[in-house]
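Given next are the chains, with one letter for each unit.
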Amino acid sequence: SLAAGLPTRTYLENDGATVVMTRTTDIDVAVDTRYIIFNDNNCNIAISIHCNSASATAHGVETYYCSLNAYPTDSYNFATNALNRLLSLVKNDSRGVKECLDAGRGFHFALCRYPNMPCTLSETYFVSNPDENYNIHYLASGQDNSAKAFYAGVCDFYGVTPSFGGQT
């Protein structure tokens, strides 16, 4: 979700990171273009932020990694860091860390498989669930908590303490 991606970029840049975004406006960028951007820019780590959709009662957050990625163990660890931070800051239910090949669906998982760096794809909430959609997508606090979670997940991956107003 761009609503979480843009403030995540701000948190990372405020901490000295160089951030490459695959998009900064609400436009559609092809999946293969996205992982090519990661690879062509020699990124050290990649996160792809998404929102799930199913029934109106579906809920929770999940993160994915790919065992065929060039760094499968690091990708799993990054996915775990991101999920743990999402659970603590967004306060949503866990749907777990999942291996994308076991999911049996979706071309989006190319975003986990083809980057030449540790990578995770997150499904932060269900846009089809009115409560989750409102609480996380439309409330500034929900967007900021998602951004803090992704920022902190990156910090955790690198063993760095996040610095967003003293909250860790």
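Residues numbered from 1 in each chain as written. Predicted model: local features only at pLDDT ≥ 70, side-chain atom pairs only at ≥ 80, totals over all residues. Heavy atoms only, no water.

Caption draft 1: Expanded view of the environment of C155. As for its position among the elements, C155 is in helix α7 (residues 140-158). Considering only alpha carbons, one finds C155 and M117, 38 residues apart in sequence, at a separation of 16 Å. Not counting residues within four places of it along the chain, the set of residues in contact with C155 comprises D15, V160 and P162. (Helix = DSSP H or I, 4+ residues; strand = E, 2+ residues; numbered from the N terminus. Contact = heavy atoms within 4.5 Å.)

Caption draft 2: How the structure looks around unusual backbone geometry. Even without a glycine there, the phi angle at N42 is positive, about 50°. Examined against the element boundaries, N42 turns out to sit in the loop between α2 (31-40) and β1 (46-52).

Caption draft 3: Representation of the packing of helix α1 (residues 2-14) against α7. Packing of α1 against α7 brings their axes to within 8 Å, and their N-to-C directions diverge by 50°. One way to sum up the angle between α1 and α7 is to call them oblique. With respect to the hand of their crossing, α1 and α7 are arranged in right-handed fashion. In this structure, α1 contributes A3, A4, P7, T8, Y11 and L12 to the contact, and α7 contributes Q143, D144, S146, A147, K148, F150, Y151 and V154. (Axes fitted to C-alpha atoms, helices over the stretch in contact; angles between N-to-C directions. Parallel < 35°, antiparallel > 145°, perpendicular 65-115°, else oblique. Left-handed = near helix turned anticlockwise from the far one by under 90°.)

Caption draft 4: A look at the pattern of salt bridges. Across all of its chains, the model carries five salt bridges by this definition. R95 is the salt-bridge partner of E62, the closest N and O atoms lying 3.1 Å from each other. Residue E62 is located in strand β2 (residues 61-65), and its partner R95 is located in strand β3 (residues 94-99); the two are separated by 33 residues in the primary sequence. In this structure R95 comes out as partly exposed when scored by relative accessible area, which is 35%. We note a salt bridge from K98 to E62, for which the minimum N-O separation is 2.7 Å. Of this pair, K98 sits in strand β3 while E62 sits in strand β2; the two residues are 36 residues apart in sequence, bridging distant segments of the chain. Because the salt bridges share partners, they merge into one network encompassing E62, R95 and K98. (Salt bridge = Lys/Arg side-chain N within 4 Å of Asp/Glu carboxyl O. Buried < 20%, exposed > 50% of the residue type's maximum accessible area, 1.4 Å probe, protein only.)

Caption draft 5: Here's a closer look at α2. Those residues of α2 lying buried are V31, R34, Y35, F38 and N39. Axial view of α2: buried residues confined to an arc of 135°, hence all on one face. At its buried positions, α2 is contacted by β1 and α5 (110-113). N42 lies just past α2 and shows a positive phi near 50°. (Arc of directions from axis to C-beta.)

Caption draft 6: Looking closely at the pairing of strand β4 (residues 119-126). Most of β4 is tucked away: eight of the eight residues are buried. Direction of pairing for β1 relative to β4: parallel, over a ladder of six bridges. Of the residues in β4, the one forming a bridge with I47 is T120. Pairing of β2 with β4, which is carried by three bridges, proceeds in the antiparallel orientation. Residue pairing for β4: E62 is matched across the bridge by E123. (Pairing = 2+ DSSP bridges.)

Caption draft 7: Structural context of the layout of surface pockets. The computed volume of the largest pocket comes to approximately 1000 Å³. In terms of lining, the largest pocket is formed by 40 residues, of which the most central are V19, V20, M21, A46 and I47. It is β1 that provides the largest number of residues to the lining of the largest pocket, a total of seven residues. Residue composition of the lining of the largest pocket, grouped by class: 20 nonpolar, 13 polar and seven charged. (1 Å grid on protein atoms, 1.4 Å probe; cavity = no way out; pocket = protein on both sides within 12 Å on 5 of 7 lines; lining within 4 Å. Points joined across faces, edges and corners; volume = space filled by probe spheres on them. Nonpolar A, V, L, I, M, F, W, Y, C, P; charged D, E, K, R; others polar.)

Caption draft 8: Molecular detail of the packing of aromatic side chains. Enumeration over the complete set of coordinates arrives at six aromatic pairs. Ring centres of Y65 and Y76 lie 5.1 Å apart, and the angle between their planes is 80°; on these two criteria the pair is classed as edge-to-face. Here the residue Y65 occupies a position in strand β2, and Y76 occupies one in helix α3 (residues 72-89), the gap between them amounting to eleven residues. The exposure class assigned to Y65 is buried, which follows from its relative accessible area of 16%. When the ring of F157 is compared with that of Y158, the centres are 5.1 Å apart and the planes differ by 85°; the resulting orientation is edge-to-face. Given the relative accessible area of 42%, Y158 is considered partly exposed. Taken together, the ring pairs in this structure connect F78, F157 and Y158 into an aromatic cluster. (Phe/Tyr/Trp six-rings, centres within 6.5 Å; stacked < 30°, edge-to-face > 60°.)

Note that all results are geometric; they support no functional claim without further evidence.
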